[in-house]
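Overview (structure and organization)
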Amino acid sequence: QKEVEQDPGPLSVPEGAIVSLNCTYSNSAFQYFMWYRQYSRKGPELLMYTYSSGNKEDGRFTAQVDKSSKYISLFIRDSQPSDSATYLCAMNTGTASKLTFGTGTRLQVTL
Amino acid sequence: DARVTQTPRHKVTEMGQEVTMRCQPILGHNTVFWYRQTMMQGLELLAYFRNRAPLDDSGMPKDRFSAEMPDATLATLKIQPSEPRDSAVYFCASGARTTDTQYFGPGTRLTVL
């Protein structure tokens with residue numbers, strides 16, 4: 001079993017929908033949680049960064065961390081075709097900078 | 001606009017040839033990572049450096065892969081000899097602090113025939 005599990009999708013939604021992307025993890029030492037967005041043939045770009053449990057909002061994006069359930073989520077409101085990409089969750093323990101990534105969820109937002 | 005740069009962007013080579021990939025981290029970042037991405041395995045950490053010293057290269061096949069940081073502005077990943085199974089996209093990322101986030105370069109797409 002992988003340390004971080006993420007449904008690969010693909011997930012297809014109509015423009016304007018609310019999107020929910022999720023990851024589960026097994027290592028209770030993870031403290032820092034990130035979401036990266038990767039467009040086709042590009043490098044991952046940092047989207048959201050949170051520490052420990054709680055919510056963080058940035059425009060149309062909200063990241064949630066529930067450490068008791070070892071579950072993190074990324075919500076996208078009013079989804080746009082430009083949001084079509086692969087979304088990777090990533091996390092680390094804070095004691096070293098090594099990140100553990102999920103395999104990524106491919107999202108397609110249709111007109 | 002600070003970015004991680006990688007060269008070459010694309011590389012096609014024949015099995016058995018040496019491949020060298022280069023990365024210039026963001027100025028001031030002291031941690032550099034090498035990742036490999038394939039459809040089957042996703043993103044895998046190969047090695048990483050802090051202050052130019054290797055911290056972890058356990059993800060790297062030691063017999064054919066080597067990673068170095070000759071100076072603070074250059075990291076290299078070398079494969080010798082290359083094999084078809086090395087075909088992947090290789091990303092370099094840099095970060096500023098132990099718990100800080102990582103910023104990725106555009107990647108080197110390697111095809112070994």
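Overview of the structure. (Residues numbered from 1 in each chain as written. Chains lettered and ligands numbered in written order. Predicted model: local features only at pLDDT ≥ 70, side-chain atom pairs only at ≥ 80, totals over all residues. Heavy atoms only, no water.)

Okay, the nonpolar core next. If you look at the biggest cluster of nonpolar residues, it comprises 24 residues, and the most contacted ones within it are Trp35, Ile72, Leu74, Tyr87 and Met91 of chain A. Of all the secondary-structure elements, those providing two or more residues to this core are strand E3 (19-25), strand E4 (32-38), strand E5 (45-51), strand E7 (61-66), strand E8 (71-76), strand E9 (85-92) and strand E11 (105-110) of chain A. For Tyr87 of chain A, the contacting residues outside a window of four places in its chain are Gln6, Leu21, Trp35, Tyr36, Arg37, Leu47, Leu74, Ile76, Gly104, Thr105 and Leu107 of chain A. Among the nonpolar cores identified, the runner-up in size contains 22 residues, and Cys23, Val32, Phe65 and Met69 of chain B belong to it. (Core = buried A, V, L, I, M, F, W, Y, C linked by side-chain atoms within 4.5 Å. Buried < 20%, exposed > 50% of the residue type's maximum accessible area, 1.4 Å probe, protein only. Helix = DSSP H or I, 4+ residues; strand = E, 2+ residues; numbered from the N terminus. Contact = heavy atoms within 4.5 Å.)

This next bit is on the state of the cysteines. Residue and element names in this part refer to chain B. Tallied over the full model, the rule gives two disulfides over all chains. What pairs with Cys23 in a disulfide is Cys92, and their sulfur atoms sit 1.9 Å apart. Disulfide Cys23 to Cys92: torsion about the S-S bond roughly -55°, handedness left-handed. Remark: Cys92 occurs in strand E9 (residues 88-95) and Cys23 occurs in strand E3 (residues 19-24); sequence separation between them is 69 residues. Of the residues examined, Cys92 reaches a relative accessible area of 0% and is grouped as buried. (Disulfide = S-S within 2.5 Å.)

Using the criterion set out here, one finds eight salt bridges over all chains in the structure. The closest approach of N and O atoms between Glu57 of chain A and Arg77 of chain A, which form a salt bridge, is 3.4 Å. You can see Glu57 of chain A sitting in strand E6 (residues 54-58) and its partner Arg77 of chain A sitting in the loop between E8 and E9, a full 20 residues away along the chain. Residue Arg85 of chain B pairs with Glu83 of chain B through a salt bridge whose shortest N-O separation is 2.5 Å. A single salt-bridge network, built from bridges that share partners, covers Arg64, Glu83, Arg85 and Asp86 of chain B. (Salt bridge = Lys/Arg side-chain N within 4 Å of Asp/Glu carboxyl O.)

Where interface size is quoted, it is often the accessible area lost as the parts come together. Each partner contributes to the interface: chain A provides 19 residues, whereas chain B provides 22 residues. Between chain A and chain B lies a buried interface of about 1700 Å² when both sides are counted; carbon and sulfur atoms form 54% of it. For the pair chain A and chain B, the number of links is zero salt bridges. Inspection of the chain A/chain B interface yields two residue pairs in polar contact (both at pLDDT 80 or more). For the side of chain A that touches chain B, the secondary structure elements donating two or more residues are E4, E5 and E9 of chain A. With four residues, the single largest contributor to the side of chain A that touches chain B is E4 of chain A. (Buried area = accessible area lost by both parts, 1.4 Å probe. Polar contact = N/O pair within 3.5 Å; in protein donor to acceptor, adjacent residues only side chain to side chain.)

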